[in-house]
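Summary of the model geometry
So you can see what is in the structure, the chains are spelled out below.
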Amino acid sequence: SLEWFNRYNINVPKLLPTLGGGRYVSFNNMLFILTPWIEGEKCDYDNISEVTEACRNLAKMHKAAKGFLPIKGSAMRIQKDDISASIKKHYYNIVQSYSEAYNKKDRFSKVFLEHYSDNLTLATASRETASAINISNLSLSLCHLDYVNKNILFDKNNSIWVIDFDKCSIDYCAHDLSYFLRRLLKRSNTRWNTLLAANCISAYNSINPLSQDDLKYIYAYLCFPQKYWKISRDYYNNLNKCNKNAFTALITKAVENDEYHLQFMRNFKRIIEETYHFNMK
């Protein structure tokens, strides 16, 4: 992956050759590589120019890597999870947690139930949109899959570099972009900022155009109440051995921005439909 991106002038670490001219050293059934140290500062999520440049760079990576082939003799890592099946499963986890919460009525369950309606609305919008995705129309490429600010660096010349390719795999471009966007939008400083999300998609789209199904994927991915689902699932699956106070604190923090998330869900759909001229459902 690193050598492929280097070929297309994407700034990634270059593999330093071994004394024997190879790409790696084998030791105790493990493979080790060495790269130069990249001097730079991580992408500042509060700097709109750096954020949009990161989106353009991701689009360049996806565009360059659509024809990616691994080195002869190595395996092709392919992910391509079915987002519709995944969200449907998670949706029913939330509904099941409601039954648990209604019966338990402990402190955690009280917080869960107070915010159930809002989060079910988010999950329902996500499920309905995901079910309308035509998977065969989703854009595929070699994806980074951990494209977050700590792995996106700007050097002293303001050139952008990408590091840490441990998770890279053939996957949907929309998944890679959605993962970046969710990490960006859930922060307190940028909490579910619809205009910011739209600008990011526009920046990406200017380099590597997204299909209607790619946009549906992004909407479904961003709307789903990920933390609310995961925390409640883990709590009720481990009720007899978990730290109840810790879980209550976690879900209390997770629902702090429900109002902003709901507003994002409504506004983001409208912006996508008006900008790209199609109905999400």
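First, a word on what this report is: a plain description of the structure on this page. Keep in mind that what you see is a predicted model, and the values were worked out from it rather than measured. For every chain, the first residue of the written sequence is number 1, and numbering continues from 1 along that sequence. Reporting of local features is limited, given that this is a predicted model, to residues whose pLDDT is at least 70; pairs of side-chain atoms are given and counted only at 80 or more, and all residues count toward the totals for whole chains, interfaces and linings. Side-chain figures throughout are based on the complete set of non-hydrogen atoms in the structure, without hydrogens or water.

Section: the overall build of the protein
Working definition: helices are DSSP H or I runs of at least four residues, strands are E runs of at least two. Numbering for both runs from the N terminus. For the protein, the helix and strand inventory stands at 11 helices and 7 strands. At 21 Å, the protein has a C-alpha radius of gyration in line with the 19 Å of a compact globule built from 281 residues. Along the three orthogonal principal directions, the C-alpha set of the protein runs to about 65 × 50 × 35 Å. Should any heavy atoms of two residues lie within 4.5 Å, those residues are considered in contact. Within the protein, contacts between residues separated by at least 24 positions form 76% of all contacts whose residues are at least 6 apart in sequence. With C-alpha atoms as the basis for the radius of gyration, the globule rule is written as 2.2 Å multiplied by the number of residues raised to the power 0.38.

What about the side chain of His 62?
With respect to the element layout, His 62 can be found in helix α2 (residues 48-64). Buried, partly exposed and exposed residues are distinguished by accessible area as a fraction of the type maximum, computed with a 1.4 Å probe on protein chains only: under 20%, between the cut-offs, and over 50%, respectively. Take His 62: its relative accessible area is 0%, and that puts it in the buried class.

Considering the pattern of salt bridges
One side-chain nitrogen of Lys or Arg within 4 Å of one carboxyl oxygen of Asp or Glu is enough to make a salt bridge. The full count for this structure, using the stated rule, is 8 salt bridges. Notably, a salt bridge pairs Lys 230 with Asp 234, separated by 3.2 Å at the nearest N-O pair. In this pair, Lys 230 and Asp 234 are both assigned in helix α9 (residues 226-237), 4 residues apart and thus about one turn of the helix distant. A salt bridge links Glu 274 to Arg 270; its shortest N-O distance comes to 3.7 Å. Here Arg 270 and Glu 274 lie together in helix α11 (residues 258-276), a separation of 4 residues that amounts to about one turn. Residue Arg 270 is classed as partly exposed on the basis of its relative accessible area, which comes to 40%.

A look at the layout of surface pockets
Cavity: a set of points on a 1 Å grid over the protein atoms alone where a 1.4 Å probe fits but cannot get out. Pocket: an open set with protein on both sides within 12 Å along at least five of seven lines, its lining residues, like those of a cavity, having an atom within 4 Å of a point. Grid points are joined across faces, edges and corners, and a volume is the space filled by probe spheres set on the points. Approximately 1200 Å³ is the volume attributed to the largest pocket. Around the largest pocket, the lining comprises 33 residues; the ones closest to its centre are Ser 1, Leu 2, Leu 15, Ile 33 and Phe 165. At 4 residues, the largest contribution of residues to the lining of the largest pocket is made by helix α1 (residues 2-7). Here the residues of the lining of the largest pocket are counted per class, giving 23 nonpolar, 4 polar and 6 charged. Estimated volume of the second largest pocket: approximately 570 Å³. Classification convention: Asp, Glu, Lys, Arg as charged; Ala, Val, Leu, Ile, Met, Phe, Trp, Tyr, Cys, Pro as nonpolar; all other residues, Gly among them, as polar.

Section: the packing of helix α4 (residues 107-114) against α9
Axis definition: a line fit to C-alpha positions, over the contact stretch in the case of helices; interaxial angles, taken between N-to-C directions, run 0 to 180 degrees. Two elements in contact, α4 and α9, have axes separated by 12 Å at closest approach and are oriented at 150 degrees. With respect to their mutual orientation, α4 and α9 come out roughly antiparallel. The hand of the α4/α9 crossing is left-handed. Counted together, Phe 108, Ser 109 and Phe 112 of α4 and Tyr 228, Ile 231, Ser 232, Tyr 235 and Tyr 236 of α9 form the full contact between these two elements. For the contact of α4 with α9, the residue count by class is 6 nonpolar, 2 polar and no charged. Any angle from 65 to 115 degrees is called roughly perpendicular, while one under 35 is roughly parallel, one over 145 is roughly antiparallel, and all others are oblique. Two helices crossing with the near one rotated counterclockwise from the far one by less than a right angle form a left-handed crossing, whereas a clockwise rotation gives a right-handed crossing.

Some details on the nonpolar core
Side chains that are nonpolar tend, in soluble globular proteins, to be buried together. For the purposes of this section, nonpolar cores are sets of buried Ala, Val, Leu, Ile, Met, Phe, Trp, Tyr and Cys residues that join through side-chain atoms within 4.5 Å. By size, the foremost hydrophobic cluster in this structure holds 83 residues, and its most contacted members are Phe 112, Tyr 147, Phe 180, Leu 181, Ile 218, Leu 222 and Phe 268. Per-element tally for this core: the top contributor is helix α8 (residues 212-223), with 8 residues. What Leu 222 contacts, discounting residues up to four positions off in sequence, is Ser 178, Leu 181, Arg 182, Leu 185, Trp 192, His 261, Phe 264 and Phe 268.

Considering α8
Multiplying one less than the number of residues by 1.5 Å gives the expected span of a helix. Compared with an ideal rise of 1.5 Å per residue, which puts 12 residues at 16 Å, α8 spans 17 Å between its outermost C-alpha atoms and is within 8% of the ideal. Buried residues dominate α8, accounting for 11 of its 12 residues. Of all the positions in α8, only Asp 213, Asp 214, Leu 215, Lys 216, Tyr 217, Ile 218, Tyr 219, Ala 220, Tyr 221, Leu 222 and Cys 223 are classed as buried. At its buried positions, α8 is contacted by α3 (83-104), α5 (116-131), β7 (169-172), α6 (173-185), α7 (194-205) and α11.

Describing the packing of aromatic side chains
Only Phe, Tyr and Trp rings take part, Trp by its six-membered ring, and two of them pair if their centres are within 6.5 Å. Stacked means planes under 30 degrees apart, edge-to-face means over 60, and tilted covers everything else. Applying the stated criterion across every chain yields a total of 21 aromatic pairs. For the pair Tyr 98 and Tyr 102, a centre-to-centre distance of 6.3 Å together with 25 degrees between the ring planes defines the contact as stacked. With Tyr 98 and Tyr 102 both in helix α3 and 4 residues apart, the pair spans about one turn of that helix. An aromatic cluster is built from Tyr 98, Tyr 102, Phe 108, Phe 112, Tyr 116, Tyr 228, Tyr 235, Tyr 236 and Phe 247, whose rings are joined through pairwise contacts. Here the guanidinium or amino end of Lys 105 rests over the ring plane of Tyr 102, the centre of that ring lying 4.0 Å away. Put simply, a charge is over a ring when the Lys NZ or the Arg CZ is close to the ring centre, within 6 Å, and near the line of the ring normal, within 35 degrees.

A word on α5
Owing to its 3.6 residues per turn, the α-helix aligns residues three or four sequence positions apart on the same side. For α5, which comprises 16 residues, the first-to-last C-alpha distance of 22 Å matches the rise-based estimate of 22 Å (1.5 Å per residue) to within 8%. Of all the residues in α5, the buried ones are Tyr 116, Asn 119, Leu 120, Leu 122, Ala 123, Ala 125, Ser 126, Thr 129 and Ala 130. Summarising the contacts, the buried residues of α5 are in contact with α3, α4, α8, α9 and α11.

Distances and angles like these do not, on their own, reveal function.
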